[in-house]
Amino acid sequence: MTELARPGEDASWRYYASGRRIAWKTGTSFGNRDAWSIGLDRNYLVGVWVGNADGEGRPGLTGAEFAAPLMFDLFNLVARGPWFETPGSDLKEILTCRKSGFRASVNCEDTLMIKASLNALKSPLCSYCKLIFLDPSGRVQVNADCESSGNMIRKSWFVLPPVQEWYFKNRDPFYRVLPPFRKDCISGSPIPAMSLIYPRDYARIFVPRELIGEMGKTVFEVAHRHPGTTVFWHIDNQYAGMTKNIHQLGLSPSEGDHILVLVDEHGEYLKIRFRIISGNQP
């Protein structure tokens, strides 16, 4: 938390002898109603909140832009003290995965040795770096059902769950989506390719009525590693529609319990249960 990029004039603090080491974090509430920043050194803990007393939001009000500069100004008003001492006897060097931050597994290629608490030795190994096999072109996955072992390329690949990937890849230009399987590899991949964004299994969904009195629609959404794949939607064994590229579908199931089944063109499927409720139901 000492390595976060500071705002304004404090951005180059580490290049000056007068620079002050501070561990800090910011936050912004939904609708820009609240902006806060909290920081500490060995002697002081400083917290700053910025917002309106009535809770009304303001566009552009963020912790980094408004609360953090005030927090650093406050630190400049108090006496400077030494930084925390390193608890060397309570630390041990462990090998970690640079991409996930977990302890490195045998599949992690990009690793970093760090000092961490002894309790970190009990943390799980990285499960996000997967061993996959590519064809000679390196563009598609293969397996023993469709390619000889001499032509397969072993490769470690950082793979997030589909929903996490859906968010993460839009913010990290270096994230690479898992390559699809070659069409003649019928057995497919043990790594799931899709996951529901909304709703979750056993969700209770309240659907308000429109102004004309009819029940409104619920927008169901699924994340697929390869958006161009066709996904077929079924509710209670009845075909509800298909999606491609943008996997969203507005549906109006009746009140009560339902089962949603999704099947993509490669045969992978998802099954969840949900309940549509009215304002009178518990």
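Residues numbered from 1 in each chain as written. Predicted model: local features only at pLDDT ≥ 70, side-chain atom pairs only at ≥ 80, totals over all residues. Heavy atoms only, no water.

Caption draft 1: View of the nonpolar core. Residues Leu196, Val222, Trp233, Leu260, Leu262 and Phe274 are the most contacted members of the largest nonpolar core, which totals 18 residues. Of all the elements in the fold, those that place two or more residues in this core are strand E8 (194-198), strand E9 (203-206), strand E10 (218-224), strand E11 (231-235), strand E13 (248-251), strand E14 (256-264) and strand E15 (269-277). When neighbours within four sequence positions are excluded, Phe274 is seen to be in contact with Ala203, Ile205, Phe220, Ile235, Pro253, Gly256, Asp257, His258 and Leu260. Grouped together as the second largest cluster of nonpolar side chains are 12 residues, Ala35, Val46, Val48 and Leu61 included. (Core = buried A, V, L, I, M, F, W, Y, C linked by side-chain atoms within 4.5 Å. Buried < 20%, exposed > 50% of the residue type's maximum accessible area, 1.4 Å probe, protein only. Helix = DSSP H or I, 4+ residues; strand = E, 2+ residues; numbered from the N terminus. Contact = heavy atoms within 4.5 Å.)

Caption draft 2: A look at the sheet that holds strand E3 (residues 45-51). Overall, antiparallel pairing links the 3 strands, which are arranged E1-E2-E3 in an open sheet. At either end of the open sheet lies a strand with only one pairing partner, and these are strand E1 (23-28) and E3. Across the sheet, the mean angle from the axis of one strand to that of its neighbour is 10°, orientation sign disregarded. Two elements, strand E2 (residues 34-40) and E3, share 7 bridges in a ladder whose sense is antiparallel. Of the residues in E3, the one forming a bridge with Ser37 is Val48. (Pairing = 2+ DSSP bridges. Axes fitted to C-alpha atoms, helices over the stretch in contact; angles between N-to-C directions.)

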